[in-house]
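# Coordinate inspection notes
Next come the chains, spelled out residue by residue.
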Amino acid sequence: MKQEKAVVVFSGGQDSTTCLFWALKQFQEVEAVTFDYNQRHRLEIEVAASIANELGVPHTVLDMSLLNQLAPNALTRSSIAIEQKEGELPSTFVDGRNLLFLSFAAVLAKQKGARHLVTGVCETDFSGYPDCRDIFIKSLNVTLNLAMDYQFVIHTPLMWLNKAQTWKLADELGALDFVRTKTLTCYNGLIADGCGECPACQLRKRGLEQYMAEKGAMNE
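Reading guide: rules and limits
Throughout this document, residue positions are counted from 1 along each chain, in the order its sequence is written. Per-residue local features are limited, in this predicted model, to residues with pLDDT of at least 70; the limit for side-chain atom pairs, both in listing and counting, is 80 or more; totals at the level of whole chains, interfaces and linings are taken over all residues. The side-chain values count all of the structure's non-hydrogen atoms but skip hydrogen atoms and water molecules. Should DSSP find at least two bridges between two strands, the strands are taken to pair. To qualify as a helix, a DSSP run of H or I must reach at least 4 residues; to qualify as a strand, a run of E must reach at least 2; elements of each kind are numbered from the N terminus. All axes are obtained by fitting lines to C-alpha atoms, using only the stretch in contact for helices, and the reported angles, taken between N-to-C directions, cover 0 to 180 degrees. In this analysis, two residues are considered to be in contact whenever any of their non-hydrogen atoms come within 4.5 Å of each other. Note on ring pairs: Phe, Tyr and Trp rings are taken, using the six-membered ring of Trp, and paired if centres are within 6.5 Å. Classes follow the plane angle, with under 30 degrees stacked, over 60 edge-to-face and the rest tilted. Working definition: with a 1.4 Å probe on protein chains only, accessible area under 20% of the residue-type maximum means buried, over 50% means exposed, and in between means partly exposed. For a ring to carry a charge above it, either NZ of a lysine or CZ of an arginine must fall within 6 Å of the ring centroid while also lying within 35 degrees of the normal to the ring plane. Salt bridges are identified by distance alone: a Lys or Arg side-chain nitrogen within 4 Å of an Asp or Glu carboxyl oxygen. Two helices that cross are described as forming a left-handed crossing if the nearer one is turned anticlockwise from the farther one by less than a right angle, and a right-handed crossing if clockwise. For this classification, Asp, Glu, Lys and Arg are treated as charged, while Ala, Val, Leu, Ile, Met, Phe, Trp, Tyr, Cys and Pro are nonpolar and the rest, including Gly, are polar.

### Structural notes on the sheet that holds strand 4 (residues 116-118)
- Pairing within the open sheet is parallel, and its five strands lie in the order 3-2-1-4-5. A single partner strand is all that each edge strand has here, and the edge strands are strand 3 (59-63) and strand 5 (153-155). Adjacent strand axes in the sheet meet at a mean angle of 25 degrees, parallel and antiparallel pairs treated alike.
- Sheet topology places strand 1 (residues 3-9) next to strand 4; three bridges connect them, and they run parallel. Pairing of valine 7 across the sheet is with leucine 117, part of strand 4.
- Contacts from helix 2 (residues 43-54) reach strand 2 (27-36) and strand 3, with the element oriented near 160 degrees to strand 3.
- Across the sheet, helix 4 (residues 97-111) touches strand 1, strand 2, strand 3 and strand 4, and the angle it forms with strand 2 is around 135 degrees.

### A look at the packing of aromatic side chains
- All chains considered together, the criterion is met by five aromatic pairs.
- Geometrically, the ring pair formed by tryptophan 22 and phenylalanine 27 is edge-to-face, given 6.1 Å between the ring centres and 70 degrees between the ring planes. Accessibility assignment for this pair places tryptophan 22 and phenylalanine 27 in one class, buried.
- Arranged with centres 4.2 Å apart and planes meeting at 10 degrees, the rings of phenylalanine 35 and phenylalanine 101 form a pair that is stacked. Separated by 66 residues along the polypeptide, phenylalanine 35 in strand 2 and phenylalanine 101 in helix 4 bring together distant segments of the chain.
- Three or more aromatic residues joined by ring pairs make a cluster, and in this case those are Phe35, Tyr37 and Phe101.
- Positioned above the aromatic ring of tyrosine 150, the side-chain terminus of arginine 115 is 4.2 Å from the ring centre.

### A word on the pattern of salt bridges
- Enumeration over the complete set of coordinates arrives at nine salt bridges.
- A salt bridge links glutamate 29 to lysine 5; its shortest N-O distance comes to 3.9 Å. Within this pair, whereas glutamate 29 is found in strand 2, its partner lysine 5 is found in strand 1, the two being separated by 24 residues in sequence.
- On the basis of relative accessibility, which here comes to 45%, the residue glutamate 29 falls in the partly exposed class.
- Note that lysine 163 and aspartate 15 form a salt bridge whose closest N and O atoms lie 3.1 Å from each other. With lysine 163 in helix 6 (residues 163-172) and aspartate 15 in helix 1 (residues 14-26), the pair connects residues that are 148 residues apart, well separated along the chain.
- Within this structure, Lys5, Glu29, Glu31 and Lys112 form a network of salt bridges that share partners.

### Remarks on the packing of helix 1 against helix 6
- Contact pair helix 1 / helix 6: the axes reach a minimum separation of 10 Å and the direction vectors enclose 35 degrees. For helix 1 against helix 6, the interelement crossing comes out left-handed. Together, Gln14, Asp15 and Thr18 of helix 1 and Lys163, Thr166, Trp167, Leu169 and Ala170 of helix 6 make up the contact between the two elements.
- Looking at the contact of helix 1 with helix 6 residue by residue, the classes come out as three nonpolar, three polar and two charged.

What follows is the structure in structure tokens.
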């Protein structure tokens, strides 16, 4: 039996699209929310809107441009190189992003009568981002419930999956080809398999190759 209503934090990338397909299997009603923080690639918002429309999912875009002003980084400034120095967080890390996104998603969810929030954060392939850790999500869940006197449940279907396992989940949901051809993961703004060179594309490609190899071995 499907649960009630959920709001999916949705960027149009591999992870959040897989989560959207997961939510559609789990919940009676699903909506998606995308955040406009003047990110490096405006195409991200267009891709998210297109996918939501194709899947018949109501879609809200919220203005989060203040985040761009507060936290300059490689995802919001083309002048900042995409890099990761040893012992430091990647230049793509945006301070407070998941804290703010999930908080605003919760406010939206409450207005829409939804108690479930779904996000694609993952502690397995997370580049060291502190706001992708399970302990942060659990802490924020308690805080949101107390702040709004409302019983939210934050779902993280990918938390303990590596990229190969995320591809496997997409396949099990009947969405592997959809996710592969219609999502935007690339830091250089190329849909589907992307540029193949940036860290996001390399991680995505390695995961897909690993999963397809494992699937092929199982079918032999």
